[in-house]
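# Working through the structure, step by step
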Amino acid sequence: MGVDVFNRYEKKYILDQTTYEAIAKQLCEHMTLDLYNKENGHYTISNLYYDTVDDVLIKKSLSKPIYKEKLRVRAYGIPTLDTKVYLEIKKKVDGLVNKRRTSMTLAEAYAFIETGQIPAKKPYHNRQVIKEIAYFLQMYALKPATYIAYDRKALCCGDLRITFDTNIRSRRETLGLELGDYGRPLLEPGMWLMEVKAQTAFPLWFVKILSEYKITASSFSKYGKEYLTRDQPMKGEHMTCLSHYLISQGQQLTH
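Keep in mind it's a predicted model, so treat the numbers as computed, not measured.

Calculation notes
Residues numbered from 1 in each chain as written. Predicted model: local features only at pLDDT ≥ 70, side-chain atom pairs only at ≥ 80, totals over all residues. Heavy atoms only, no water. Patch = residues over 30% accessible without salt bridge, like charges linked within 9 Å, V, L, I, M, F, W, Y side chains within 5 Å. Areas by Shrake-Rupley, 256 points an atom, 1.4 Å probe, with all protein chains shown as cover. Salt bridge = Lys/Arg side-chain N within 4 Å of Asp/Glu carboxyl O. Helix = DSSP H or I, 4+ residues; strand = E, 2+ residues; numbered from the N terminus. Buried < 20%, exposed > 50% of the residue type's maximum accessible area, 1.4 Å probe, protein only. Lys, Arg positive; Asp, Glu negative; His and termini not counted. Polar contact = N/O pair within 3.5 Å; in protein donor to acceptor, adjacent residues only side chain to side chain. Contact = heavy atoms within 4.5 Å. Phe/Tyr/Trp six-rings, centres within 6.5 Å; stacked < 30°, edge-to-face > 60°. Lys NZ or Arg CZ within 6 Å of the ring centre and 35° of its normal.

## Some thoughts on a nonpolar patch on the surface
A cluster of nonpolar side chains, namely Ile 66, Tyr 67 and Val 93, defines an oily patch on the protein surface of about 280 Å² accessible area. Examined against the element boundaries, Tyr 67 turns out to sit in strand E4 (residues 67–76). Look at Tyr 67 and you get partly exposed, because its relative accessible area is 31%.

Here it is in structure tokens:
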């Protein structure tokens, strides 16, 4: 079983294509690619966020409280109902992010959230996390709220993890991870979301890079952005994968 509990601080930064390429090149001198990365250095993550009928969880999150929480199902690529996915609770307390997750099939995750009944014990389950999620489900009457996917490059060095997300897309219809990878763009073409995650302070060499490019942190939230702009018309066509996106832009990734 992989790591199921994370405690770390997270900072987010919005980058344009030129800044992304410059920073990614420098980071590769200090960090290594995450094991999830494919041959092109990227992989796709798809998420299904749950909320109440009146969007209590995202509304609370956007009010910037000291404590907030959310529930999502996460997959890599487009899963089937038999694919192993992660069911996650993500909490943030005064800046510290706590993520707790358990592996289960997509069918198990759907049934658990819909009924609140703890699934039969399987070797790949984290039973403690499942009990915590069961309590969460008792507190809120949840329904599928939004699908959000993106293409990610991830780098690691000790407890420091830096991810670059692009082609961030969302939809509020056809809410099933197994039902295809498409949606409304949440960032302009060529823009990247850099997330920096660490259990302690950022290393000095990374702070110098941020200073060199005059990069400041952003409060950007994928789910929050989707919620605040969901009534705006979609820009451009549905985007289904990173390679099609880059070809259309005539851009090349930095490895």
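## Thoughts on the side chain of Asp 4
Residue placement: Asp 4 occurs in the segment before strand E1 (5–15). Notably, Asp 4 is buried but unbridged: the nearest opposite-charge side chain belongs to Arg 101, and the N-O separation is 4.2 Å. Side-chain polar atoms of Asp 4 contact the side chain of Asn 126, separated by 3.2 Å. Excluding residues that lie within four positions of it along the chain, Asp 4 makes contacts with Lys 99, Arg 100, Arg 101 and Asn 126.

## What about the packing of aromatic side chains?
Enumeration over the complete set of coordinates arrives at seven aromatic pairs. Consider the rings of Tyr 20 and Trp 192, whose centres lie 3.7 Å apart with planes at 10 degrees: the pair is stacked. Of this pair, Tyr 20 sits in helix H1 (residues 17–27) while Trp 192 sits in strand E10 (residues 192–198), and the two are 172 residues apart along the sequence. Given the relative accessible area of 1%, Trp 192 is considered buried. Relative to Phe 206, the ring of Trp 205 lies with its centre 6.1 Å away and its plane at 80 degrees, an arrangement referred to as edge-to-face. With a relative accessible area of 22%, Trp 205 lands in the partly exposed category. Here the aromatic residues Tyr 20, Phe 164 and Trp 192 are joined through ring pairs into a cluster of three or more. Of note, Arg 101 hangs over the ring of Tyr 86, and the distance from its end group to the ring centre comes to 3.8 Å. For the cation-ring pair, Arg 171 lies above Tyr 147, with the distance from its terminal atom to the ring centre recorded as 3.9 Å.

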